[in-house]
Amino acid sequence: MNSSFFPQRPDIHPQIYAYRDLYTEHAGLLKVGFTQRDVEKRVAQQFPVIQPGEGKPYEIVFAESAMRDDGTSFTDHDVHSA
């Protein structure tokens, strides 16, 4: 079988996630995002400075595959539209 005719699916795992920022100014708000990488690493990028002894300034409350049963995926833009 010719592999160029049936190319292999890339080894990516699209994820949809939501986290809350633990700063009191952002109480009650969730940030919804999309990544093709590790969710924890992606969220940590958005908080480049973590104070020693204080722990993470965020809590990931949801992280799931963004793949549909038919093999397509959706993004955070689709979630925001809904």
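Computed from a predicted model, the values in this text were never measured in an experiment.

Engineer: Looking at this structure, I do not really get the pattern of salt bridges. What am I missing?
Structural biologist: Enumeration over the complete set of coordinates arrives at two salt bridges. R20 is paired through a salt bridge with E59; the nearest N and O atoms lie 2.4 Å apart. Pair noted here: R20 is in strand β1 (residues 15-21) and E59 is in strand β3 (residues 58-65), with a separation of 39 residues, a long-range link. Judged by relative accessible area, which is 33%, E59 ranks as partly exposed. Salt-bridge contacts for K56 lead to E40; the nearest nitrogen and oxygen are separated by 3.1 Å. Taken together, the residues span a long stretch of sequence, with K56 in the loop between α1 (39-45) and β3 and E40 in helix α1 at a distance of 16 residues.

Engineer: Looking at this model, I keep getting lost on the packing of aromatic side chains. Mind explaining?
Structural biologist: The geometry of an aromatic ring pair comes down to the distance between the two centres and the angle between the two planes. Throughout the structure, instances matching the rule amount to four aromatic pairs. Taking the centre distance of 6.2 Å and the plane angle of 70° together, the rings of Y19 and Y58 count as edge-to-face. Here the residue Y19 occupies a position in strand β1, and Y58 occupies one in strand β3, the gap between them amounting to 39 residues. Here Y19 falls in the buried class, since its relative accessible area comes to 6%. Residue classification places Y58 among the buried positions, given a relative accessible area of 5%. In textbook terms, an aromatic cluster arises when at least three aromatic residues are bridged by ring pairs, as seen for Y17, Y19, F47 and Y58.

The rules behind the values
Per chain, residues are indexed from 1 in the order of the written sequence. For this predicted model, a pLDDT threshold of at least 70 governs which residues receive local features, and a threshold of 80 or more governs which side-chain atom pairs are given and counted, while totals over whole chains, interfaces and linings are taken from all residues. The side-chain quantities take in all heavy atoms of the structure and omit both hydrogens and water. Salt-bridge detection follows one rule: a side-chain nitrogen of Lys or Arg within 4 Å of a carboxyl oxygen of Asp or Glu. Numbering of helices and strands runs from the N terminus; a helix is a DSSP stretch of H or I covering at least four residues, while a strand is a stretch of E covering at least two. The buried label applies to any residue whose accessible area, calculated with a 1.4 Å probe on protein chains only, is under 20% of its type's maximum; exposed applies above 50%, and partly exposed to all values in between. When the centres of two rings from Phe, Tyr and Trp lie within 6.5 Å, Trp using its six-membered ring, the rings pair. Their planes under 30 degrees apart give stacked, over 60 give edge-to-face, and anything left gives tilted.

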